[in-house]
Amino acid sequence: MPYVLGVDVGTTRTAAALCRLGGAGRAEPEVVGLGGPGGGVASSLQLTADGTFAVGEPGDPRWTATGFAARVGDGVPVVLGDEPFTAEELTALMVSWVAGQVAAREGERAERIVLSHPVGWGAHHKGLMHQALRVMGLDNATLLAEPLAAAAGHSFARGPVGVFSLGSHAFSAAVVRPFEVVAWAESPDQDAGVDFDDLVFGHVRTELGRAFTELDPQDPRTRGLYGRLRRDCEAAKRVLSGTFETAIPVHLPSGRVDVPLSRAKFDELIRSSVEQAVSVFERVVRGTPLEATVLVGGSTRIPLISSLLPGRVVFEAAPETTAVKGAALAGRHMLLGPDDNEPIETSVLVRDDDPLLRFPVGDMDVPDTDFTAPPPRPPIDITPLDLPERRSVKRVVRGLAVTGGRRRSRDAQDSEDGR
Ligand SMILES: Nc1ncnc2c1ncn2[C@@H]1O[C@H](COP(=O)(O)OP(=O)(O)OP(=O)(O)O)[C@@H](O)[C@H]1O
Ligand SMILES: [Mg+2]
């Protein structure tokens with residue numbers, strides 16, 4: 001059965017959902033298992049010796065790209081061996097891999113791919129991403145801002161909806177109406193999931209005192225201990241979203257020690273960071289009566305966050321898939337129109353005097369009579385409408401196989417390194 005595919009390439013994790021185009025009634029998006037924990041897959045690409053990319057596998061950092069999704073538009077390339085890749089090229093490779101996996105399972109290619117992207121992307125970022133997707137042969141891909149995707153997954157989302165997004169690295173707050181971002185803010189300095197892990201790590205270090213500080217940082221066993229402890233701190237943080245007490249195992253040379261951590265203590269560690277994010281959200285909302293606030297991103301599983309947000313908060317069982325499920329549903333709407341045939345209000349009032357917001361946007365409770373109605377707009381922001389020609393590239397990447405140049409390059413470098 002034909003389907004549309006929603007994809008979200010996050011800084012650490014890539015998720016996908018599909019929505020079928022056949023059948024009667026409202027179609028529910030289905031999260032697609034990509035082989036990693038929780039259904040997604042790590043956003044990592046390792047250039048292997050045979051010139052192909054291994055997806056989602058930890059590997060030699062010289063050959064493994066991670067965190068690229070957050071660097072789209074950054075002129076500094078990601079260098080694997082001695083080969084430079086742009087962040088958008090790597091992001092498009094992830095999308096291509098996901099699309100290929102799903103096509104193999106479904107027996108056909110997606111009718112359309114909807115890639116959710118950070119709300120702060122302007123025409124430049126979107127143009128680069130579109131170009132990279134086209135080079136990868138993904139001509140049927142559309143970009144959709146994450147808060148629009150998130151709200152599209154909710155049938156109640158007719159009036160203004162808040163979207164609070166906190167992932168592993170990124171934070172954003174937005175107010176949206178159907179297919180319009182009315183107000184938004186991103187705070188690059190805002191603590192997110194990895195920073196919470198650091199706070200837990202710091203707590204363990206404090207609790208252990210000298211037993212920790214006297215570890216020899218040059219000893220390879222200490223480096224192994226740090227790596228394992230970081231993973232255990234992250235796991236403890238996740239556990240505390242569902243329970244009140246846990247303990248973090250520390251494998252010291254003298255033996256294992258368990259450091260207890262309660263949810264109350266964890267909340268104390270992260271409270272000021274969370275309050276900061278909530279206050280940015282409140283500034284973006286500026287008193288707009290929201291129908292509800294949708295949570296996006298794995299870090300919003302932390303109960304303290306929903307407890308501090310004002311108004312009605314929509315908490316999904318897996319908020320790290322909220323955007324991708326909505327993206328798939330939005331893709332269905334693009335092709336078939338909304339399920340209930342209700343007209344979609346696309347007008348937007350633009351007025352603001354708050355310098356704290358990145359883009360000037362307006363209060364939404366100002367009477368319509370103060371404004372001239374804006375011209376009709378397309379219901380979905382598909383950019384760029386005027387797609388550039390395919391770029392000529394010095395190398396061609398097909399699917400996930402890399403042409404001989406890079407293969408020779410890795411072989412040559414491996415033999416130079418004596419590997
Ligand atoms: N149960 C949980 N409790 C608290 N945090 C969690 C839980 N599950 C996952 N996380 C955190 O969510 C983060 C991953 O979320 P998500 O998959 O939305 O991130 P991402 O999309 O890769 O990153 P970003 O949106 O920042 O680019 C990680 O920091 C992870 O530790
Ligand atoms: Mg994300």
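A short tour of the structure in this document, coming up. Since we're looking at a predicted model, the values are computed, not measured.

About the cut-offs
Residues numbered from 1 in each chain as written. Chains lettered and ligands numbered in written order. Predicted model: local features only at pLDDT ≥ 70, side-chain atom pairs only at ≥ 80, totals over all residues. Heavy atoms only, no water. Near = heavy atom within 4 Å. Polar contact = N/O pair within 3.5 Å; in protein donor to acceptor, adjacent residues only side chain to side chain. Helix = DSSP H or I, 4+ residues; strand = E, 2+ residues; numbered from the N terminus. Nonpolar A, V, L, I, M, F, W, Y, C, P; charged D, E, K, R; others polar. Domains from an automatic or database assignment. Pairing = 2+ DSSP bridges. Buried < 20%, exposed > 50% of the residue type's maximum accessible area, 1.4 Å probe, protein only.

1. Remarks on the site of ligand 1
The local shell around ligand 1 holds 19 residues, among which Thr11, Ala170, Glu234, Lys237 and Ser241 are the closest. In this structure, alanine 170 approaches ligand 1 through a main-chain N or O atom, which is 2.7 Å from an oxygen atom. With respect to ligand 1, the backbone of serine 299 contributes an N or O atom lying 3.3 Å from an oxygen atom. The greatest single-element share of the shell around ligand 1, amounting to three residues, is contributed by helix H6 (residues 220–239). Class assignment for the residues of the shell around ligand 1 results in two nonpolar, 11 polar and six charged. Three or more residues apiece are contributed to the shell around ligand 1 by two domains, here domain 1 (3–188 + 274–370) and domain 2 (193–267).

2. A closer look at the sheet that holds strand E13 (residues 171–177)
Two pairing modes exist for strands in a sheet, parallel and antiparallel, and in both the strands are linked by backbone hydrogen bonds. A sheet is described by the order of its strands in space; here five strands give the open sequence E14-E13-E12-E17-E18, paired in mixed fashion. The strands lining the two open edges of the sheet, one partner per strand, are strand E14 (180–186) and strand E18 (313–314). Two strands pair when backbone bridges link them, and strand E12 (residues 161–166) and strand E17 (residues 292–296) are joined in this way by five bridges, in the parallel orientation. Across the sheet, the residue bridging to phenylalanine 164 is leucine 295, located in E17.

3. Thoughts on the pairing of strand E2 (residues 13–20)
Counted residue by residue, E2 has six buried out of eight residues, so it is predominantly covered. By the bridge criterion, seven bridges tie strand E1 (residues 3–9) to E2 in an arrangement that is antiparallel. Bridge pairing in E2 links valine 7 to alanine 16. Hairpin geometry of E1 and E2 is characterised by an intervening segment of three residues between the two adjacent antiparallel strands. The sheet contact formed by E2 and strand E4 (residues 41–42) spans two bridges and is antiparallel. Across the sheet, residue arginine 13 finds its bridge partner in E4, namely alanine 42. As paired elements, E2 and strand E3 (residues 30–31) share two bridges and run antiparallel to each other. Bridging across to E3, leucine 18 finds its partner in glutamate 30.

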